[in-house]
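Chain and residue survey
Each chain, letter by letter, is given below.
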Amino acid sequence: PIPSRTVSVRIMNLTQLVLASHNAVKLKELQAMLGESVQLRSIVEFSQVEPEETGLSFVENAILKARNAARISGLPALADDSGLAVDFLGGAPGIYSARYADGKGDAANNAKLLDALKGVPDAERGAQFVCVLALVRHADDPLPILCEGLWPGRILHAASGEHGFGYDPLFWVPERNVSSAELSPADKNQISHRARAMDLLRQRLSLK
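Since we're looking at a predicted model, the values are computed, not measured.

1. Some remarks on the pairing of strand β1 (residues 16–19)
Bridge count between β1 and strand β2 (residues 39–42): 4 bridges; the pairing is parallel. Across the sheet, residue Val-18 finds its bridge partner in β2, namely Arg-41. Crossover β1 to β2 through helix α1 (residues 24–34) is right-handed. Bridge count for β1 against strand β3 (residues 77–86) is 2 bridges, and the pairing is parallel. Considered in β3, the bridge of Val-18 is made with Ala-77.

What follows is the structure, given as structure tokens:
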């Protein structure tokens, strides 16, 4: 059998990536994690239309979005598909995290989640944030680079904190004894699911 090994990949002249996201906060977060050697550009520069996320997993949707961004921009593309997986809910809201409450926004998503977990004790409120990063050199790249980051915690009974976005106010971070929304952006960028996935991506790209 061929022994497994970690393969480091360097994309020639990789100075720019288009990020397949319309979320300005996510763009800022990922740029901070990626560092200054590669510039992240928003897909908004090229198109206001978001592709339909028809995949049934974080991996499928990340690849779909990365290919679409590369096709539209003509640049290598990076896509982040992420969400919250709650144990008691069988992994929901999962890939539907952003549109859990039918696209009505973060406050509605959080309210729906709290209602779904009403009366559930702390011991059964385990959850994890999930991030899959997909990088393609071009739209038809047969070998996307995939990196996964998982951030375990649990769901609070009420929102706490004012930083971040999405489900951050409801996500308790045991290692810091605060909610994700109570972390400073710099601290969150060191330990979050995106940070963990980005660490792997930097290794794959041999970035310092």
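So much for the structure itself; the text now carries on.
2. A look at the pairing of β3
β3 sits mainly inside the fold: 10 of its 10 residues count as buried. Here β3 shows two buried faces, one formed by Ala-77, Ala-79, Asp-81, Gly-83 and Ala-85 and the other by Leu-78, Asp-80, Ser-82, Leu-84 and Val-86. Where β3 meets strand β4 (residues 126–136), 10 bridges bridge the pair, whose relative direction is antiparallel. In the strand pairing of β4, Leu-78 is matched with Leu-135.

Reading guide: rules and limits
- All chains use their own residue numbering, which begins from 1 and follows the written sequence.
- Where local features are concerned, this predicted model is filtered to residues with pLDDT of at least 70; where side-chain atom pairs are given and counted, the filter is 80 or more; whole-chain, interface and lining totals use all residues.
- Side-chain measures were taken over the full set of non-hydrogen atoms in the model, leaving aside hydrogen atoms and water.
- Pairing between strands requires that DSSP locate at least two bridges from one strand to the other.
- A helix here means a DSSP run of H or I that spans at least four residues, while a strand means a run of E at least two residues long, and both kinds are numbered starting from the N terminus.
- Look down the strands so they point away from you; if the path from the first strand over the helix to the second goes clockwise, the crossover is right-handed.
- A simple rule labels every residue: compare its accessible area, found with a 1.4 Å probe on the protein chains alone, to the largest value its type can have, and call it buried under 20%, exposed over 50%, or partly exposed in between.

Functional significance is not addressed by these values, which are geometric in nature.
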